[in-house]
Structure formats: C-alpha cells, structure tokens
Amino acid sequence: MPKISAPSVAEHHAAQVRALLDATRELLRESGKAPSMADVAARAGLARSSVYQYFSSRQALLEGLVKDIFPRWAERITSAMAAAPTPADAVLAYARSNLDLVADGEHAVGAALATLAPGEAIGAEAHSMHQQISEPLAEALKTLGVGAPEVVAELINAVVHAATRRLEAGASREQAQASVAELLGPFVREHGGA
C-alpha cells in the first residue's frame, strides 16, 4: 500500500488533487499556456507518474481545474452581492467583485482555459457559472423595480467588460474600480444604495 500523508486514503487523495489543481492554476497564471504533466507534478512536489493516478490526461487535468475554479468564482461574486446592505449596493458589489477576479489574475486563467481546453465540459461549466452570477444580478435589479432587468444587466456587464479591458491594458485595480463606481454610482444612489 502506498504511503499516505493524511489521516485517511480519501483525505490523502483530496490533498493530492488539490495540490495538482493549485499547481496547474499557478503555472497557467504565470505562462498563459497549458502546463505539461511533468511541470504540474514538479510544482506539486510529486512524481510525474503520480499525476496520472488522479488525472488521465492534460485535458482531464484542465477540465478538473475548470470544475474547481468556476464554482469558486461564482461563489465569490454571489457572496459579495449577498453581503451588500441593499439590492442597489449588490449591483455595485457584483461589478467590483468581477473586477477583483480580473485584478487577481483569475480572468486570465479562465480565458486561457477556454482557449486551451475547448470542449463541452468547459463550455458547460462557463455557461453554468455565468448563469449563477447573472441570476443574483437580475434578481437585485427586479427587486429595485428596474424595467427590463435583463437589458440593464447586459449594460452593467458591458461596463464591467470595459473596465476589465482597462485592467488587462495596465490600469490599476483602483482606477478600474473608480471608473465603475463613477458610472454605476448614480444608478446605485438613485435606487437607495450608498
């Protein structure tokens, strides 16, 4: 029986998978390229052959990373919105948390994954994530009594995407956040937010 470094085999397995996913994410963020299984193993401190005990191929590893990170991104955004004091403030929290993901390098990981590992699994996960984060935004807009909340949500997303492009072009997080607050601030205040 192989030596395990956790109280149970299941916990050992989970820790190894976590180490491999974290290593893949770090390497992907650093290079924007799909890392080799050998590079992932080295970063995780495992033998190359050990990686195949957990992921059958590089594609399977990338798909595993997608299934790991997309729900966490959605949770980060929905948690920020839920913590907002009013539905209007939740709209601004939605925009800010999206920008934080970009500023933290998460968007680059997602964009790289979409181009490196195209396929049904990644497409389905991306669609699911976008739905998860769009639903609370639409709900906040409906609560505010906004006419055509889907259209307003699209406009808010356009502002977020424009700010995302600014971040990717070298603007600081603070500059991007300030631009978004300047554009969305009047809307938020008009609807009872801070």
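Note that this is a predicted model, so its numbers are computed, not measured.

Reading the values: rules and limits
Residues numbered from 1 in each chain as written. Predicted model: local features only at pLDDT ≥ 70, side-chain atom pairs only at ≥ 80, totals over all residues. Heavy atoms only, no water. Helix = DSSP H or I, 4+ residues; strand = E, 2+ residues; numbered from the N terminus. Buried < 20%, exposed > 50% of the residue type's maximum accessible area, 1.4 Å probe, protein only. Areas by Shrake-Rupley, 256 points an atom, 1.4 Å probe, with all protein chains shown as cover. Axes fitted to C-alpha atoms, helices over the stretch in contact; angles between N-to-C directions. Parallel < 35°, antiparallel > 145°, perpendicular 65-115°, else oblique. Left-handed = near helix turned anticlockwise from the far one by under 90°. Contact = heavy atoms within 4.5 Å. Nonpolar A, V, L, I, M, F, W, Y, C, P; charged D, E, K, R; others polar. Expected span 1.5 Å × (residues − 1). Arc of directions from axis to C-beta. Salt bridge = Lys/Arg side-chain N within 4 Å of Asp/Glu carboxyl O. pLDDT = per-residue confidence, 0-100. Polar contact = N/O pair within 3.5 Å; in protein donor to acceptor, adjacent residues only side chain to side chain.

Observations concerning the overall build of the chain
When you go through the chain residue by residue, the secondary structure sums to nine helices and zero strands. In the chain, the order of α-helices and β-strands from amino to carboxyl end is α-α-α-α-α-α-α-α-α. Every one of the 194 residues in the chain was classed for burial, and the buried ones make up 41%. Working note: accessible area of the chain is about 10100 Å², and carbon and sulfur atoms make up 55% of it.

Some words on the packing of helix α1 (residues 9-31) against helix α2 (residues 37-44)
Remark: α1 packs on α2, axes separated minimally by 8 Å, with the N-to-C direction vectors making an angle of 115°. By the criterion of interaxial angle, the relationship of α1 to α2 is roughly perpendicular. Viewed along their axes, α1 and α2 form a crossing whose handedness is right-handed. Counting all contacts with α1, which are made through Ala 19, Leu 20, Ala 23, Thr 24, Glu 26, Leu 27 and Glu 30, the residues of α2 involved are Asp 39, Val 40, Arg 43 and Ala 44. Residues belonging to the contact of α1 with α2 are distributed by class as follows: six nonpolar, one polar and four charged.

Here's the deal with helix α8 (residues 149-168)
Because an α-helix packs 3.6 residues into every turn, residues spaced three or four apart end up facing the same way. Given a rise of 1.5 Å per residue, 20 residues ought to cover 28 Å, and the 28 Å separating the end C-alpha atoms of α8 matches this to within 8%. Those residues of α8 that fall on the buried side of the exposure criterion are Pro 149, Val 152, Ala 153, Ile 156, Asn 157, Val 160, Ala 163, Thr 164 and Leu 167. Buried residues of α8, viewed axially, fall in a sector of 140°; they line one side. Of the exposed residues in α8, the ones pointing more than 90 degrees away from its buried face are Glu 154, Leu 155 and Arg 165. Among the residues trailing α8, Gly 170 stands out with phi positive, at a value near 115°.

With respect to the pattern of salt bridges
Following the criterion strictly, the structure yields eight salt bridges and no others. Linking Glu 26 and Arg 43 is a salt bridge whose minimum nitrogen-to-oxygen distance equals 3.1 Å. Remark: Arg 43 occurs in helix α2 and Glu 26 occurs in helix α1; sequence separation between them is 17 residues. For Arg 43, a relative accessible area of 35% gives the class partly exposed.

Quick word on α2
By the burial criterion, the buried members of α2 are Met 37, Val 40 and Ala 41. The buried residues of α2 occupy one face: seen down the axis, they fall within an arc of 100°. Count one or two residues on from α2 and you reach Gly 45, which has phi positive near 80°.

Some remarks on the confidence of the model for the chain
Mean pLDDT for the chain: 86, with 88% of residues reaching 70 or above. Per-element confidence in the chain is highest for α2, whose mean pLDDT is 94, and lowest for helix α6 (residues 106-116), whose mean pLDDT is 66.

Things to note about the side chain of Asp 68
Within the element layout of this structure, Asp 68 appears in helix α4 (residues 58-83). In this structure the side chain of Asp 68 is engaged in a polar contact, spanning 2.6 Å, whose partner is the side chain of Arg 18.

Focus on the packing of α1 against α4
Where α1 contacts α4, the two axes come as close as 10 Å, and the packing angle between them is 90°. Comparing the axis directions of α1 and α4 gives the class roughly perpendicular. Residue-level inspection shows Arg 18, Leu 20, Leu 21, Thr 24, Arg 25 and Leu 28 of α1 in contact with α4, the latter providing Leu 61, Leu 62, Gly 64, Leu 65, Asp 68, Ile 69 and Arg 72. Looking at the contact of α1 with α4 residue by residue, the class counts come to seven nonpolar, two polar and four charged.

So, the environment of Gln 132
Residue placement: Gln 132 occurs in helix α7 (residues 120-143). Linking Gln 132 and Phe 70, residues 62 residues apart in sequence, is a C-alpha distance of 10.0 Å. In this structure, Gln 132 is in contact with Ala 74 and Thr 78, ignoring residues within four places of it in sequence.

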